[in-house]
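Each chain, written out:
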Amino acid sequence: MKRPPFFAAVLAVLLCVPTSVRGQDDAKTKTADQPALKILLVAGGCCHDYAAQSKILKTELEKRLDAEVTVAFSADTSTGTTFEIYESDKWADGFDVVIHDECSAAVTDRPYVDRILDAHLTGVPAVNLHCAMHSYRWGDYREPVEIGADNSRWYEMLGLQSTGHGPKFPIDVDYSASKHPITQGLENWQTYQDELYNNVRIFGGAEVLASGVQTQSPSPKELKRNPDAKPREATAVVAWTNLYGPKKTRVFSTTLGHFNETVADERYLDLVTRGILWTTGRLDSAGKEVAPAAAAK
């Protein structure tokens, strides 16, 4: 995947900059009541540089958190990518949270997908990144799915249904829910080139945290049809939480993160890190990191 020299330079700088979690005095705190987080990162599939992005996420998250990130990586670059770890009913045992960073749009094996979701139904938190929103879909998934339908289960876990994206341009991120524990202390920002995912349906258990605004230039096809076509502005939800299933399992998702430059951006890592802390019950109502028992009070 080629990158303009500017982006390559920015990425190199970002990977050398000390990181911190906004709203915390010490990004890597630990107390006797707060053991290290066990994080499973599942990464691989179509259309993205998962080899690099999984390394960026592991390195940066372990810098920011007292955590051990285990990576389940697949080098398969097709939309049919599957992961050996999901073949076991106990695939999530021992992990505090699972980061889904896979792009498996053509995987439609219902028992396989059910095994993934069963872990979250029974209480294992989830963090979903970018193309995880476009994975495990079948049937007439481009239309709004109904709760309980055969093709709705993955979307119900996510809390939002998305089916496609626009061109690759910068996205202005606006934290509309500025008082949520995840977003407290975060400032609005603009991504590098990224994809704005559409919103087909937002489920009742979801809470919107941020919207994205992208100015999209006319495509070559549009300009051929209409040489006077003007840029247009598109808006969509780009970050949200969800409470999934009878246990109200905490789920955090963001559609941002197509290119390595965004994944390595300190502001993106702030958002993902705080999403992890919230899903695992380690942020209090003021957005400060605490032991899980204290956050529940």
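Residues numbered from 1 in each chain as written. Predicted model: local features only at pLDDT ≥ 70, side-chain atom pairs only at ≥ 80, totals over all residues. Heavy atoms only, no water.

- Under the annotation held in an unreviewed UniProt entry, the protein chain carries the name Trehalose utilization and is attributed to Rubripirellula lacrimiformis.

Here's the deal with empty space enclosed by the protein
Next, step 1: Per the counting criterion, the structure on display carries 2 cavities of 30 Å³ or more.
Next, step 2: The wall of the largest cavity is formed by Arg110, Val113, Asp114, Leu117, Tyr136, Trp138, Asp150, Asn151, Ser152, Arg153 and Trp154.
Next, step 3: Among the secondary structure elements, those contributing two or more residues to the lining of the largest cavity are helix H3 (110–121) and helix H4 (153–158).
Next, step 4: The element contributing the most residues to the lining of the largest cavity is H3, with 4 residues.
Next, step 5: Across the lining of the largest cavity, the residue classes tally to 5 nonpolar, 2 polar and 4 charged. (1 Å grid on protein atoms, 1.4 Å probe; cavity = no way out; pocket = protein on both sides within 12 Å on 5 of 7 lines; lining within 4 Å. Points joined across faces, edges and corners; volume = space filled by probe spheres on them. Helix = DSSP H or I, 4+ residues; strand = E, 2+ residues; numbered from the N terminus. Nonpolar A, V, L, I, M, F, W, Y, C, P; charged D, E, K, R; others polar.)

Some points on the nonpolar core
Next, step 1: With 76 residues, the main nonpolar core has Ile39, Tyr136 and Ile276 as its most contacted residues.
Next, step 2: With near-sequence residues (within four places) excluded, Tyr136 lies in contact with Phe83, Tyr86, Glu102, Ser104, Ala105, Val107, Tyr112, Val113, Ile116 and Trp154. (Core = buried A, V, L, I, M, F, W, Y, C linked by side-chain atoms within 4.5 Å. Buried < 20%, exposed > 50% of the residue type's maximum accessible area, 1.4 Å probe, protein only. Contact = heavy atoms within 4.5 Å.)

Remarks on H3
Next, step 1: Helix length check: H3 (12 residues) gives 15 Å between terminal C-alpha atoms against 16 Å at 1.5 Å per residue, within 8%.
Next, step 2: Those residues of H3 that sit buried are Tyr112, Val113, Asp114, Arg115, Ile116, Leu117, Ala119 and His120.
Next, step 3: The elements touched by buried residues of H3 are strand E3 (97–103), strand E4 (126–129), H4, strand E10 (232–244) and strand E11 (249–254).
Next, step 4: Remark: Gly123 follows H3 within two positions and exhibits a positive phi of approximately 120°. (Expected span 1.5 Å × (residues − 1).)

Notes on the state of the cysteines
Linking two cysteines covalently via their sulfur atoms produces the bond known as a disulfide.
Next, step 1: Following the criterion strictly, the structure yields 2 disulfides and no others.
Next, step 2: Between the sulfur atoms of Cys46 and its disulfide mate Cys47 the distance is 1.9 Å. Here the disulfide of Cys46 and Cys47 is right-handed, its torsion about the S-S bond being about 45°.
Next, step 3: Overall, Cys47 belongs to the partly exposed group, its relative accessible area being 46%.
Next, step 4: Each sulfur in the disulfide pair Cys103 and Cys131 lies 2.0 Å from the other. Taken as a pair, Cys103 in strand E3 and Cys131 in the loop between E4 and H4 lie far apart in primary sequence, 28 residues in all.
Next, step 5: Cys103 gets classed as buried once you look at its relative accessible area, which sits at 4%.
Next, step 6: Sequence-ordered numbering of the bonded cysteines in the protein chain gives a pairing of 1-2, 3-4. (Disulfide = S-S within 2.5 Å.)

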